Amino acid sequence: MSNEKAAKKPAAKKGFTKRLIGLILGIIALAVCAFVPATADLSHEAIMSLGILLLAIIFWICDTLPAGVTGLLGAILLCVLGVVPKFADAWSGFTSATVWFIFGVFVMTAIMIKTSLGRRLVTALVSKAGTKAKSVVLAYMIATAIVSMFMTDTGAVAVGMALALPFLKAINAKENKPNLGRCLAMGIAFAAIIGGFITPFGHSLNILCAGLLTSTYGLSIGFFEWFVPGLIIAVVMIPVLWIILCKVFPPESLTEEEAALIAKKDDEPMSALDIKSLIYMIVLVVGFIAGNWVPILTNVNVIIVMLAIAFVPGIDILNWKEFESAEGWGVILMVGGVMCMANACASTGVAAYLVNLFLSSGILGMNTLVALIIIMAVAYVIHTFVPAAPALCALFVPPVMGFCVAAGVSPAIFAMLMASVTAGSFLMPFSPPMMVSYSEGYYTTTELTRAGWLCSVIYVLVEVLVIYFIGGFMLPLAA
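An account of the accompanying structure is given in this report. (Residues numbered from 1 in each chain as written. Predicted model: local features only at pLDDT ≥ 70, side-chain atom pairs only at ≥ 80, totals over all residues. Heavy atoms only, no water.)

## Looking at the overall build of the protein
- On a plain count of helices and strands, the protein comes out with 23 helices and zero strands.
- Out of the 479 residues in the protein, the part that is buried amounts to 52%.
- Relative to all contacts within the protein whose residues are 6 or more apart in sequence, the contacts with residues 24 or more apart total 79%.
- With the model as given, the accessible surface of the protein reaches about 20,000 Å², and the carbon-plus-sulfur share is 70%. (Helix = DSSP H or I, 4+ residues; strand = E, 2+ residues; numbered from the N terminus. Buried < 20%, exposed > 50% of the residue type's maximum accessible area, 1.4 Å probe, protein only. Contact = heavy atoms within 4.5 Å. Areas by Shrake-Rupley, 256 points an atom, 1.4 Å probe, with all protein chains shown as cover.)

## Describing the packing of aromatic side chains
- Within the structure shown, the criterion is met by 16 aromatic pairs.
- Seen from their ring centres, Phe87 and Trp91 are 5.8 Å apart, and the 40° between their planes marks the pair as tilted.
- Ring centres of Phe103 and Phe323 lie 5.5 Å apart, and the angle between their planes is 80°; this geometry places the pair in the edge-to-face category. Linking Phe103 in helix 5 (residues 97–114) with Phe323 in helix 16 (residues 320–326), this pair joins segments that are 220 residues apart in sequence. By the burial criterion, Phe103 is buried, and Phe323 matches it.
- Taken together, the aromatic side chains of Trp100, Phe103, Phe311, Trp320, Phe323 and Trp329 make up a single cluster linked through ring pairs.
- Across the ring face of Tyr442, the terminal group of Lys174 is positioned such that the distance to the ring centre comes to 4.9 Å. (Phe/Tyr/Trp six-rings, centres within 6.5 Å; stacked < 30°, edge-to-face > 60°. Lys NZ or Arg CZ within 6 Å of the ring centre and 35° of its normal.)

## Some points on the pattern of salt bridges
- In total, this model carries two salt bridges according to the counting rule given.
- Put simply, Glu322 and Lys114 hold a salt bridge, and the shortest N to O gap is 3.1 Å. You can see Glu322 sitting in helix 16 and its partner Lys114 sitting in helix 5, a full 208 residues away along the chain.
- Given a relative accessible area of 25%, Glu322 falls into the partly exposed group.
- For Lys114, a relative accessible area of 34% gives the class partly exposed.
- With its nearest N and O atoms 3.0 Å apart, the salt bridge here joins Arg182 to Glu447. One end of the pair, Arg182, is in helix 10 (residues 178–195); the other, Glu447, is in helix 23 (residues 445–474), with 265 residues separating them in the sequence.
- Judged by relative accessible area, Arg182 falls into the buried class, the value being 16%. (Salt bridge = Lys/Arg side-chain N within 4 Å of Asp/Glu carboxyl O.)

## Some thoughts on the packing of helix 14 (residues 272–290) against helix 15 (residues 299–309)
- Packing of helix 14 against helix 15 brings their axes to within 9 Å, and their N-to-C directions diverge by 165°. One element, helix 14, and the other, helix 15, form an angle in the roughly antiparallel class. In this structure, helix 14 meets helix 15 at a crossing whose hand is right-handed. For the pair formed by helix 14 and helix 15, the contact residues are Tyr280, Val283, Leu284, Gly287 and Phe288 on the first element and Asn299, Val302, Ile303, Met306, Leu307 and Ile309 on the second.
- Its residues placed into classes, the contact of helix 14 with helix 15 shows nine nonpolar, two polar and no charged. (Axes fitted to C-alpha atoms, helices over the stretch in contact; angles between N-to-C directions. Parallel < 35°, antiparallel > 145°, perpendicular 65-115°, else oblique. Left-handed = near helix turned anticlockwise from the far one by under 90°. Nonpolar A, V, L, I, M, F, W, Y, C, P; charged D, E, K, R; others polar.)

## Thoughts on the packing of helix 7 (residues 133–148) against helix 8 (residues 153–170)
- Running from N to C, helix 7 and helix 8 cross one another at 150°; their axes reach a closest spacing of 9 Å. It follows that helix 7 is roughly antiparallel to helix 8 by the angle criterion. Crossing geometry of helix 7 relative to helix 8 is assigned as right-handed. Residues Val136, Tyr140, Thr144, Val147 and Ser148 of helix 7 pack against Asp153, Ala156, Gly160, Leu163, Ala164 and Phe167 of helix 8.
- Residue composition of the contact of helix 7 with helix 8, grouped by class: seven nonpolar, three polar and one charged.

## Section: unusual backbone geometry
- Here the phi dihedral of Asn172 falls at roughly 50°; this positive angle occurs in a residue that is not glycine.
- The topology assignment puts Asn172 in the loop between helix 8 and helix 9 (173–176).
- Looking at Asn172, the relative accessible area reads 35%, which means it is partly exposed.
- Positive phi, normally seen in glycine, also occurs at Asp316, with a value near 45°.
- Along the chain, Asp316 falls in the loop between helix 15 and helix 16.
- By relative accessible area, which is 42% here, Asp316 ends up partly exposed.

## Here we look at helix 14
- Between its first and last C-alpha atoms helix 14 spans 27 Å; for 19 residues at 1.5 Å apiece the expected length is 27 Å, and the two agree.
- The complete set of buried residues in helix 14 reads Asp274, Ser277, Tyr280, Met281, Leu284, Gly287 and Phe288. Projected onto a plane normal to the axis of helix 14, the buried residues spread over an arc of 150° and lie on a single side. (Expected span 1.5 Å × (residues − 1). Arc of directions from axis to C-beta.)

## Looking at a nonpolar patch on the surface
- Side chains of Phe16, Leu20, Ile21, Leu23, Ile24, Leu25, Ile27, Ile28, Val32 and Val36 sit close together on the surface and give an oily, nonpolar patch of about 850 Å² of accessible area.
- By the element assignment, Phe16 lies in helix 1 (residues 2–35). (Patch = residues over 30% accessible without salt bridge, like charges linked within 9 Å, V, L, I, M, F, W, Y side chains within 5 Å.)

## Details of empty space enclosed by the protein
- Per the stated rule, a full pass over the model turns up one cavity of 30 Å³ or more.
- Of the voids in this model, the largest cavity is the one considered here, and its volume is about 40 Å³.
- In terms of lining residues, the largest cavity is bounded by Val105, Phe106, Thr109, Ala158, Met161, Val436 and Glu440.
- Considering each element in turn, the lining of the largest cavity owes the most residues, three residues, to helix 5.
- Residues that form the lining of the largest cavity fall into these classes: five nonpolar, one polar and one charged. (1 Å grid on protein atoms, 1.4 Å probe; cavity = no way out; pocket = protein on both sides within 12 Å on 5 of 7 lines; lining within 4 Å. Points joined across faces, edges and corners; volume = space filled by probe spheres on them.)

## Side note on the side chain of Thr154
- Within the secondary structure, Thr154 is located in helix 8.
- When residues no more than four places from it in sequence are discounted, the contact partners of Thr154 are Phe101, Ile102, Pro432, Pro433 and Val436.

## Comments concerning the nonpolar core
- The biggest cluster of nonpolar side chains holds 162 residues, and the ones touching the most others in it are Val107, Phe396, Phe414 and Met418.
- If sequence neighbours within four positions are ignored, Phe414 has contacts with Leu372, Ile375, Met376, Phe396, Val397, Val400, Met401 and Cys404. (Core = buried A, V, L, I, M, F, W, Y, C linked by side-chain atoms within 4.5 Å.)

Put into structure tokens, the structure is as follows:
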């Protein structure tokens, strides 16, 4: 016991030092922004909104405060420091559909934990993969990517995590096999982001960027024109992401008992609760898919209505205590704070300023392929820390599509590129798909960045090369 205590002391000291450094750096970043003079193009409020975002990012990276508390702090600073005029404006992020969607998706986690569905589906999944830890990770990633082809990325992560949690909890992964937990949690989110781009209706951003193409040039992207490059990217990237994750965090081997636990077939008949829950989950997934064509079936509408149905007398799939125990309250506060700060960056004009500054830097005078790689890398980084995807698409897509037309390539190339790059980031857990995975506590922001930086570099290169060259043959040119 004394040896264990001695081993924990250096780790605790290291964690305290990291948190303290984060506190100091965050305050310095905010203070510097407070003294930066306003310009004709950038108001003091815009500069301060950027400073508050920098403070929050540093706090999250260094785990200075709990993630949810940092989110709340960022929102209140917008009001206290006068960045936004009204209290309600400062907290506008908490009315975002994203916040309430993430709140609702934990109903799937609660159901999978309560019923035998998770165990049955995990058993079927792992039996195809064998019992090697690395194979289990790959199986979950492939399954999540397939699911994400037909539903929102965030919903696919929720489904994937709900299937993984019974297995992770059964082997006590947080304590006994932390690397396996990290690989699974990150891998599921990474795969959902990749899978959502395979089909033109796999993510709302796909539809948004295709709509910008149609409204600007009257062009449309056919299903196979989107599907072929999307599938090629997925076939290349999922194995690459899997290899990197398993290299950075080598998953621990499964014991014979653990292998038997996940590989053993479940021959017990399904209970009435299992059957009700299975029907419930099918209806929920169908609702998500139908939302691609039925406007009223938005993700948040579907999930909140289905959440209420879970408690209806006679259905009674869950009680509130069961849902409450599965809910990721910390991530809800973090998501709300991120959205508040992103809204402030957009409303004060700092996001538009940074994009316009970049595009007017001479980048559009470079070789088309090189310029697209640089533009996508910058867009990826901006979206990582300011996850306001629709706003970024609206800012980037029209001018860069014009650049593509002038260069003699299809403007549809950039529409597809922007949809793929704003779906989510492997660097920080700020985008909704990463937030759902991060909320389960199997990895920290530092660990995500450690594994995600190389994944991000390769992803940007692969997506640009595949869409540029494949799109050159398949995608329509502007008249």
